[in-house]
2 protein chains.
Amino acid sequence: MYDRLKGFRDFYPEEMAARREVIDTVEAACRRFGFRETASPHLERAEMWTDKAGEDIVDELYAFEDQGGRHVTLTPELTPTVARMVAAKTQELSKPIKWFSTRPFWRYEQVQQGRFREFYQTNIDIFGSDDPRADAEVIALGAQLLVDLGLDAADFEFRVSHRDILGAVLRSFDADVDVREAIRAVDKSEKLSTAEYHDLLAEAGLSYDQAARFDDRLTETDRDSLSELAEFAGTDAAHDAVENLTAVLDAVDRFGAGEYCELSLETARGFDYYTGVVFECFDATGEVSRSVFGGGRYDDLIEGFGGQPTPAVGFAPGYSTLPLLLQRAGVYPDESLTTDYYVLQVGDTEREAAELVADLRGLGHVVETDVSGRSFGAQLGYADSINAETVVIVGEQDLANDEYTIRDMASGEQTTVPVDEFPPASGRPTYDDYE
Amino acid sequence: MYDRLKGFRDFYPEEMAARREVIDTVEAACRRFGFRETASPHLERAEMWTDKAGEDIVDELYAFEDQGGRHVTLTPELTPTVARMVAAKTQELSKPIKWFSTRPFWRYEQVQQGRFREFYQTNIDIFGSDDPRADAEVIALGAQLLVDLGLDAADFEFRVSHRDILGAVLRSFDADVDVREAIRAVDKSEKLSTAEYHDLLAEAGLSYDQAARFDDRLTETDRDSLSELAEFAGTDAAHDAVENLTAVLDAVDRFGAGEYCELSLETARGFDYYTGVVFECFDATGEVSRSVFGGGRYDDLIEGFGGQPTPAVGFAPGYSTLPLLLQRAGVYPDESLTTDYYVLQVGDTEREAAELVADLRGLGHVVETDVSGRSFGAQLGYADSINAETVVIVGEQDLANDEYTIRDMASGEQTTVPVDEFPPASGRPTYDDYE
């Protein structure tokens, strides 16, 4: 027998039923917000990643040469592909472009708890609007899909920041500070002691005194004092960033998602390609310690991949971490099968049972019946294994009485219903409706 | 700008909307029939295919060595993966196992009209039942999903055969005939002249007289004369095959799908791994000349991949050919976007408009609004581009009158509705409801 590759997963029906419910809920929220589904190749030219050398992702590619000598790779993320798609039809597509897509991605990473080499995400993006309302709509959708999944404001929080604020504040302390390095320190700060954090800031070029003041500034700043921070930084970039972040937060409020958001200047998130507002979703109880998902504005990326300059903002909930939050909150869907009816056929009633099965399925019910020629008991056992709610017994005696026997699988109780009253044209009656 | 790989496709929202509707319809039929969704790795050990050397598929693999030195391949089909999944939980899984899965596959083939290197299928299988009712349920589901897609008995036909009948009849003419070769000839017969067809049968070992009689036998045999054919062949295998095929067709009738099926002994379909009933779905008008999809029983395959002996029957509609049939019949879904409401915000009404958007989305409607700060005219143009049915205008004057303006996008006509009457808790009212 062959084994499965490490970091890859099989999803059997029970587990898949729960995942499907989660994915369907996320996608339904996207659709209500007017995002449109796309699909795209799972294999692309490796150059789309390797031309931007030096990024971690290049070391994790499933890249190879195809039979035509092309250097290709399994896609590790969607952005270059979407950039290619936007660029290819940039004239025809009406803006803003609002797309979503659920699919697998692949990275040759160290496999660990909740981290796989094949993983699934829904990528959600708006292209072609640099307006704060676009950022806000993306954040509001992120919150809404979590609410639709059964979470509330006590369960999760969006920590929202802006990449230009940190840089401006850092430079106001010392024009020569290594901003990228310092922001990496900020990004790690929650996992570090104050001393360790300040050590890293010092390595980036701040004095220890500046590091302490910088730390204080960040943690003390709330939404009301953002403009003071801009004054402190004293640059146009800082003022613009604060104005933009404030406009986004105001628009989030108007969309009704303000209660899920908080200003968090310590949120730095994948700074390298983000260009404006960034946000990360966290478990509000802290039990799930890693970021559930995150996103932000990346106005330079489409152009970087060869497209026209196109502002963009988006995020990508993944189905490895999101279930951890849903499980922690007790709202992850049941990993179990559901079946409306099992039609149990016994004796010389094959035709009548098959017709009943077809009728029930025609009404939209989930229906199973015997396709193995099994005994009454074996059929009941199977009906139990698929969590059939109701078993409809079609026996010779039943038909002689012009009725079916209706069995409630939870209690084992039975009653009968006249053949010409079942199934009704609407509803999904159970034992309780006939007892 | 990077180019897409040959044989791979981007699906933009309009095209994807139609594909999604088709896939959803197919999957909904699977669910009603009690099939359960699974998901599985898109990359597997290449040995799962290369160990069975000599098959065409091996030459078409996207195979490579991963960073851990494993010989891996993009999966060209689902069967070995499903075999692995069934084998891994053979004790725990209650039988019959009824699974479906929609996903991409990859083969390095010659790219041509309707044939791609990345293609999508829904694999639908029953494992663990060798009963004719299992074959029949699979065929009935195949017919039902086409009916659900809008086709009827004038649009398509299932040609049903049994692999053991052809072999038995051939051997009754000449015990030494090359059965596999002869069946390949049968499989091609529809595209050949009678002379060419008989030449191929002769190459397989029949005399020309035998070839002619064999040809007549196959075409003359209908459901009623199947037992005569078994008599003619005169072997137990022939009698068993005829009995099995008859039982399957009878069960298909009981499931109400008989009108879509015809006996067609010339249907040989991928004979190498099928072991019993085989079927192919064709365009009844012949306009789409290739098989739309096909399937059958393959009782040896799971064991061949290292699992326990497990009877199996299934089929796999693919989303390259199926759309051709639906388009020919005029029932392929529209390739267009649909939007319930566009909320058009003008003047100092941002808060009220955003609240209305959130309310409408909360009621389940597909709603877009301005996220780009655009003019009235630009917003109307965008609303038109996304096929918004109704535009709700939230202007300062509207709000001063405690009303919204409702615009029908098809006619351009407008009316008003009091703010406290819109949106209603149920329904999806349009201009017509308020004019």
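Only a predicted model underlies this, so the values are computations on that prediction, with no experimental measurement involved. (Residues numbered from 1 in each chain as written. Chains lettered and ligands numbered in written order. Predicted model: local features only at pLDDT ≥ 70, side-chain atom pairs only at ≥ 80, totals over all residues.)

A.B. asks: I would appreciate a short explanation of the overall build of chain A in the present structure.
C.D. replies: Along chain A, the regular secondary structure elements total 16 helices and 16 strands. Taking 22 Å as the expected radius of gyration for a compact globule of 435 residues, we find that chain A reaches 28 Å, considerably beyond that expectation. Each of the 435 residues in chain A was classed as buried or not, and the buried ones make up 45%. (Helix = DSSP H or I, 4+ residues; strand = E, 2+ residues; numbered from the N terminus. Rg over C-alpha atoms; globule rule 2.2 N^0.38 Å. Buried ≥ 20, exposed ≤ 12 C-beta atoms within 10 Å, placed from the backbone.)

A.B. asks: Got a minute to help me understand the pairing of strand S11 (residues 312-315) of chain B in this structure?
C.D. replies: Looking along a regular strand, one sees side chains alternate from face to face of the sheet. Residue and element names in this part refer to chain B. The side-chain alternation of S11 yields two buried faces, one formed by Ala312 and Gly314 and the other by Val313 and Phe315. With four bridges joining them, strand S6 (residues 118-127) and S11 adopt antiparallel strand pairing. By the bridge assignment, Ile124 is partnered in S11 with Phe315. Where strand S10 (residues 293-297) lies against S11, three bridges are found, and the strand directions are antiparallel. Of the residues in S11, the one forming a bridge with Gly295 is Phe315. (Pairing = 2+ DSSP bridges.)

A.B. asks: I tried to follow the sheet that holds strand S2 (residues 43-45) of chain A on my own but got confused; where do I start?
C.D. replies: Note on sheets: strands pair through backbone hydrogen bonds, and any given pair is parallel or antiparallel. Residue and element names in this part refer to chain A. Here three strands make up an open sheet; going across it, the order is S2-S4-S3 and the pairing antiparallel. The open sheet has two free edges, formed respectively by S2 and strand S3 (62-65), since each of these has just one partner strand. Strand-to-strand twist across the sheet, computed as the mean angle between neighbouring axes with direction ignored, equals 35 degrees. (Axes fitted to C-alpha atoms, helices over the stretch in contact; angles between N-to-C directions.)

A.B. asks: What is the right way to look at the relation of the copies chain A and chain B in this model?
C.D. replies: For these two chain copies, the linking operation is a rotation about an axis paired with a shift along it. It takes a turn of 180 degrees to lay chain A on chain B, together with a shift of 0.0 Å along the axis; the resulting RMSD is 0.1 Å. Accordingly, the operation relating the two chain copies is best matched by a two-fold axis. Taking the C-alpha atom as reference, chain A places Phe64 of chain A closest to the rotation axis, 3.2 Å from it. Looking at chain A, 100% of its interface residues are interface residues in chain B too, so the copies touch through the same face. (Least-squares fit on C-alpha atoms with pLDDT ≥ 70 in both. Contact = placed C-beta atoms within 7 Å.)

A.B. asks: Whenever I open this one, the environment of Tyr319 of chain A confuses me. Can you help?
C.D. replies: All names here are of chain A. Looking at the secondary structure, you find Tyr319 in the loop between strand S11 (312-315) and helix H13 (322-328). Look at Tyr319 and you get partly exposed, because 17 C-beta atoms sit within 10 Å. Sequence spacing of Tyr319 and Phe293 is 26 residues, and the spatial spacing of their C-alpha atoms is 9.8 Å. In this structure, Tyr319 is in contact with Arg19, Val22, Ile23 and Tyr120, ignoring residues within four places of it in sequence.

A.B. asks: Please clarify how unusual backbone geometry should be interpreted in this entry.
C.D. replies: Note: most peptide bonds trans; most residues except glycine with negative phi. Residues and elements named next belong to chain A. A cis amide bond, omega 0 degrees, links Lys95 with the succeeding residue Pro96. Take Pro96: it is sitting in the loop between helix H4 (79-88) and strand S5 (97-106). Although it is not a glycine, Asp402 adopts a positive phi angle of roughly 55 degrees. Its location among the elements puts Asp402 in the loop between helix H16 (396-400) and strand S15 (403-408).

A.B. asks: Where do I start with the interface of chain A and chain B in this structure?
C.D. replies: Think of interface size as the accessible area that goes away when the parts come together; that is how it is often given. Of the residues lining the interface, 73 residues belong to chain A; the matching set on chain B comes to 73 residues. Among the elements that line the side of chain A that touches chain B, the one with the most residues is helix H14 (residues 350-362) of chain A, at six residues. Taken together, the residues of the side of chain A that touches chain B sort by class into 32 nonpolar, 15 polar and 26 charged. (Nonpolar A, V, L, I, M, F, W, Y, C, P; charged D, E, K, R; others polar.)

A.B. asks: Is there a simple way to think about the pairing of strand S15 (residues 403-408) of chain B in this case?
C.D. replies: All names here are of chain B. Of the pairings in the sheet, the one linking strand S14 (residues 388-394) to S15 comprises four bridges and is antiparallel in character. Residue Val392 lies in a different strand from S15, and its bridge partner there is Ile406. The loop that links S15 with its antiparallel partner strand S16 (residues 414-418) comprises five residues; one of these, Gly412, has a positive phi angle of about 80 degrees.

A.B. asks: What is the right way to read the confidence of the model for chain A from this model?
C.D. replies: Do not read the fine detail of predicted coordinates wherever pLDDT is low. Mean pLDDT for chain A: 93, with 99% of residues reaching 70 or above. Both confidence scores are given for the complex: pTM 0.95, ipTM 0.95. (pLDDT = per-residue confidence, 0-100.)

A.B. asks: Looking at this model, I keep getting lost on the sheet that holds S11 of chain B. Mind explaining?
C.D. replies: All names here are of chain B. Strand order in this open sheet of eight strands is S1-S5-S6-S11-S10-S9-S7-S8, and the pairing throughout is mixed. For this open sheet the edge positions go to strand S1 (36-37) and strand S8 (261-263), each flanked by a neighbour on one side alone. The strands touched by helix H5 (residues 132-148) within the sheet are S6, strand S7 (156-162), S8, strand S9 (277-283), S10 and S11, with S11 carrying the most contacts at an inclination of about 10 degrees.

A.B. asks: Mind showing me how you'd approach the nonpolar core here?
C.D. replies: Nonpolar side chains in soluble globular proteins generally cluster together in the buried interior. The biggest cluster of nonpolar side chains holds 108 residues, and the ones touching the most others in it are Ile139, Ile165, Val169, Ala182 and Val252 of chain A together with Val343 and Val392 of chain B. Not counting the four nearest positions on each side in its chain, Ile165 of chain A is found in contact with Leu229, Ala238, Ala241, Val242, Leu245 and Leu265 of chain A. (Core = buried A, V, L, I, M, F, W, Y, C linked by C-beta atoms within 7 Å.)

A.B. asks: Just checking my understanding: could you explain the packing of helix H7 (residues 179-188) of chain B against helix H8 (residues 194-203) of chain B for this structure?
C.D. replies: If you want to describe how two helices pack, look at the angle between their axes and the distance between the axes. Residues and elements named next belong to chain B. As a packed pair, H7 and H8 sit with axes 8 Å apart at the nearest point and diverge in direction by 170 degrees. The orientation of H7 relative to H8 falls into the category roughly antiparallel. Counting all contacts with H7, which are made through Glu181, Ala182 and Ala185, the residues of H8 involved are Tyr197, Leu200, Leu201 and Glu203. Considered class by class, the residues forming the contact of H7 with H8 number five nonpolar, no polar and two charged. (Parallel < 35°, antiparallel > 145°, perpendicular 65-115°, else oblique.)

A.B. asks: Can you walk me through helix H15 (residues 376-385) of chain A in this structure?
C.D. replies: Helical geometry: 3.6 residues make up each α-helical turn, so side chains three or four residues apart lie on a common side. Residue and element names in this part refer to chain A. What H15 keeps buried is the set Gln379, Tyr382 and Ala383. Along H15, the residues classed as buried sweep out an arc of 100 degrees about the axis, all on the same side. Within H15, the exposed residues directed more than 90 degrees away from the buried face are Gly377 and Gly381. Phi turns positive one or two residues past the end of H15, at Asn387, with a value near 55 degrees. (Arc of directions from axis to C-beta.)

A.B. asks: Which parts of the structure should I look at to understand the packing of helix H8 (residues 194-203) of chain A against helix H9 (residues 208-220) of chain A?
C.D. replies: Residues and elements named next belong to chain A. Axis separation between H8 and H9 bottoms out at 9 Å; the angle between their running directions is 120 degrees. Of the possible angle classes, the one that applies to H8 and H9 is oblique. Every pair of crossing elements has a handedness; the one defined by H8 and H9 is right-handed. Here H8 contributes Tyr197, His198, Leu201 and Ala202 to the contact with H9, which in turn contributes Tyr208, Ala211, Ala212, Phe214 and Asp215. Class assignment of the residues belonging to the contact of H8 with H9 gives a composition of seven nonpolar, one polar and one charged. (Left-handed = near helix turned anticlockwise from the far one by under 90°.)

A.B. asks: What am I meant to see in helix H5 (residues 132-148) of chain A here?
C.D. replies: Residue and element names in this part refer to chain A. An ideal rise of 1.5 Å per residue puts 24 Å on 17 residues; H5 measures up with 24 Å between its terminal C-alpha atoms. With respect to burial, H5 is a largely interior element, 15 of its 17 residues being buried. Following H5 by one or two positions, Gly150 adopts a phi angle in the positive range, close to 110 degrees. (Expected span 1.5 Å × (residues − 1).)

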